[in-house]
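One-letter residues, chain by chain:
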Amino acid sequence: MSHISSSAARGAQTAGPQARPFAGKTVAVVHAAWHSCGSYQVNVSQIAAYKALGARVVSVALMDDLAPRPPLGGRWPAYIEASRDIGADRRFYSGAPFSALASRLLVDGWWRLIHGDQASWLIEIAKRAPLPEGFESESIDFIHANHYFTLPFAERLMRGRKVPVVLETQDIQARQYVLRNKGGFFIPPYATYDGMLEVELAWMRRADLCAHLNEEEHRDFQKLLPELQHALIYPAVASAPLARGREIIIVASDNYANYMSLRWLLQEVVPFAGGARVAIYGNIDGGVKRRDAALYESHRALFKGRVDDIGAVYANAGCVLLPTVEGHGLSIKAVEALSCGAPLVATPLAFRGMQVDPARLRNVALAENARQFAALWGEAQARTVSGELADPERSDTRRLYEDAFSPEAYARALAMAAAAL
């Protein structure tokens with residue numbers, strides 16, 4: 001079990017509301033079969049929170065592509081191995097089999113996908129995912145679904161019964177598809193943002209409550225779907241260990257927004273950084289190498305790759321860089337950085353979706369452009385070399401984390417929202 005995930009479970013079990021409104025209930029947390037990303041950590045925290053509220057919790061992982069029958073073949077073994085710390089009382093897996101190609105998937109899904117319509121493709125995949133093996137013995141009282149595209153699958157799990165469904169949106173997915181499409185090859189006519197958004201909204205209307213994990217998302221979805229119930233619930237992000245080292249780090253998973261941010265750092269900031277050091281952790285190395293091999297090769301010494309214990313990386317940090325220039329929604333990696341209490345050098349966009357003015361956080365240095373970022377990075381390195389290290393436990397960012405993003409805060413907010421259902 002990783003240090004970060006285990007700390008989330010301990011926090012949720014020892015705090016949160018005294019009442020246990022889910023005692024005697026079984027909650028299914030339905031999510032994509034992803035690991036090594038912010039969404040996975042959100043899922044871990046959801047499971048821990050429902051258990052703290054008294055529920056028996058089952059995890060139901062949905063593969064987002066055609067896949068062999070789980071748990072063997074394709075991406076399943078790697079996913080299952082990497083997610084052993086998910087914390088559920090029982091785990092289930094499902095995904096559309098390759099035999100689904102014999103259905104209308106080529107027409108309803110793949111044809112749209114080659115035009116960039118990832119929204120429809122994921123819905124069609126979810127429609128064809130069978131009931132997980134062994135799920136017949138489960139009686140589900142409540143479903144917490146993640147991302148609109150799991151809803152067709154969540155409805156299958158109900159087996160004709162009416163079960164309350166909370167949908168946690170985790171950003172407007174159509175935005176992510178537009179970003180992702182910039183780096184891919186598709187055939188005209190190209191899928192539009194508005195078209196993919198309408199697919200997303202049509203399925204969201206089937207949920208009983210929509211939970212949003214940042215203010216921008218909450219505001220936008222309230223306007224788009226005024227007829228639905230909405231709740232702003234900041235995610236419980238598992239606490240990283242307190243930073244008591246001297247290494248300057250970046251932690252990033254492989255997605256297009258992180259690639260764009262790393263490219264900005266390497267191309268625009270590094271030339272002014274005067275040899276300032278940084279170690280880049282996470283599977284973003286593969287994303288940079290795949291999208292721009294020359295850029296990767298010229299900076300390959302900075303990339304450390306994915307590590308099994310990211311908590312040890314934070315514990316050894318003296319400063320965290322957040323060179324965010326692209327992306328929507330709350331950044332889970334930014335919240336992890338808050339929790340470790342280290343000094344941060346960041347762009348304002350790193351704090352998107354938070355009800356906070358980062359300029360008021362005393363251990364945050366904000367940069368508006370590449371030259372300023374480089375200068376602040378150099379100053380941070382000088383402090384780590386000289387040993388000028390503040391107490392991370394008393395830092396402004398650590399206090400912000402405890403008040404807004406801890407497992408305790410999340411469990412309280414979740415209980416309040418679920419009470420309406």
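Our subject is the structure listed above.
Structural notes, computed from the coordinates. (Residues numbered from 1 in each chain as written. Predicted model: local features only at pLDDT ≥ 70, side-chain atom pairs only at ≥ 80, totals over all residues. Heavy atoms only, no water.)

Some remarks on the overall build of the chain
Right, so step 1: Secondary structure summary: the chain contains 17 helices and 13 strands in total.
Right, so step 2: Here the C-alpha atoms of the chain give a radius of gyration of 21 Å, agreeing with the 22 Å that 2.2 N^0.38 yields for 421 residues.
Right, so step 3: Along the longest, intermediate and shortest principal axes, the C-alpha atoms of the chain span 65 × 55 × 40 Å.
Right, so step 4: Taken over 421 residues, the chain has a buried fraction of 59%.
Right, so step 5: In the chain, of all internal contacts separated by at least 6 residues, the share reaching a separation of at least 24 is 74%.
Right, so step 6: When the accessible surface of the chain is summed, it comes to about 17500 Å², and 52% of that surface belongs to carbon and sulfur atoms.
Right, so step 7: One finds the centroid of the 45 positive side-chain charges in the chain at a distance of 2 Å from the centroid of its 44 negative side-chain charges. (Helix = DSSP H or I, 4+ residues; strand = E, 2+ residues; numbered from the N terminus. Rg over C-alpha atoms; globule rule 2.2 N^0.38 Å. Buried < 20%, exposed > 50% of the residue type's maximum accessible area, 1.4 Å probe, protein only. Contact = heavy atoms within 4.5 Å. Areas by Shrake-Rupley, 256 points an atom, 1.4 Å probe, with all protein chains shown as cover. Lys, Arg positive; Asp, Glu negative; His and termini not counted. Charge placed at Lys NZ, Arg CZ, Asp CG, Glu CD.)

Here we look at unusual backbone geometry
Right, so step 1: That bond from P70 to P71 is cis: its omega, 10°, falls within 30 degrees of zero.
Right, so step 2: Inspection of the secondary structure puts P71 in the loop between strand 2 (56–62) and helix 3 (76–82).
Right, so step 3: P188 connects to P189 through a cis peptide bond whose omega is 0°.
Right, so step 4: Here P189 lies in the loop between helix 7 (173–181) and helix 8 (193–204).
Right, so step 5: Within the chain, S36 stands out as a residue other than glycine whose phi angle is a positive 55°.
Right, so step 6: Its identity is not glycine, yet R159 carries a phi of approximately 50°, on the positive side.
Right, so step 7: Examined against the element boundaries, R159 turns out to sit in the loop between helix 6 (151–158) and strand 5 (165–168).
Right, so step 8: On the basis of relative accessible area, R159 is assigned to the partly exposed category, the value being 35%.

With respect to the environment of K127
Right, so step 1: Structurally, the position occupied by K127 is in helix 5 (residues 118–127).
Right, so step 2: Spatially, the C-alpha atom of K127 lies 8.8 Å from that of L151, the residues being 24 residues apart in sequence.
Right, so step 3: Among the polar contacts made by the side chain of K127, one reaches the side chain of E124 at a distance of 3.3 Å. (Polar contact = N/O pair within 3.5 Å; in protein donor to acceptor, adjacent residues only side chain to side chain.)

Points about the pairing of strand 11 (residues 317–322)
Right, so step 1: Burial of strand 11 is extensive: six of the six residues sit out of reach of the surface.
Right, so step 2: The handedness of the strand 11 to strand 12 (residues 344–346) crossover, carried by helix 14 (residues 332–340), is right-handed. (Right-handed = clockwise from strand over helix to strand, strands pointing away.)

Describing the sheet that holds strand 13 (residues 364–366)
Right, so step 1: Pairing in this open sheet of six strands is parallel, and the strands run 10-9-8-11-12-13 from one edge to the other. Strand pairing shows two members of the sheet lacking a second neighbour, strand 10 (303–305) and strand 13, which therefore form its edges. Neighbour-to-neighbour, the strand axes of this sheet turn through a mean angle of 25°, independent of strand direction.
Right, so step 2: Where strand 8 (residues 247–251) and strand 9 (residues 279–281) come together, three bridges link them in parallel fashion. What sits directly across from V251, in strand 9, is Y281. (Pairing = 2+ DSSP bridges. Axes fitted to C-alpha atoms, helices over the stretch in contact; angles between N-to-C directions.)

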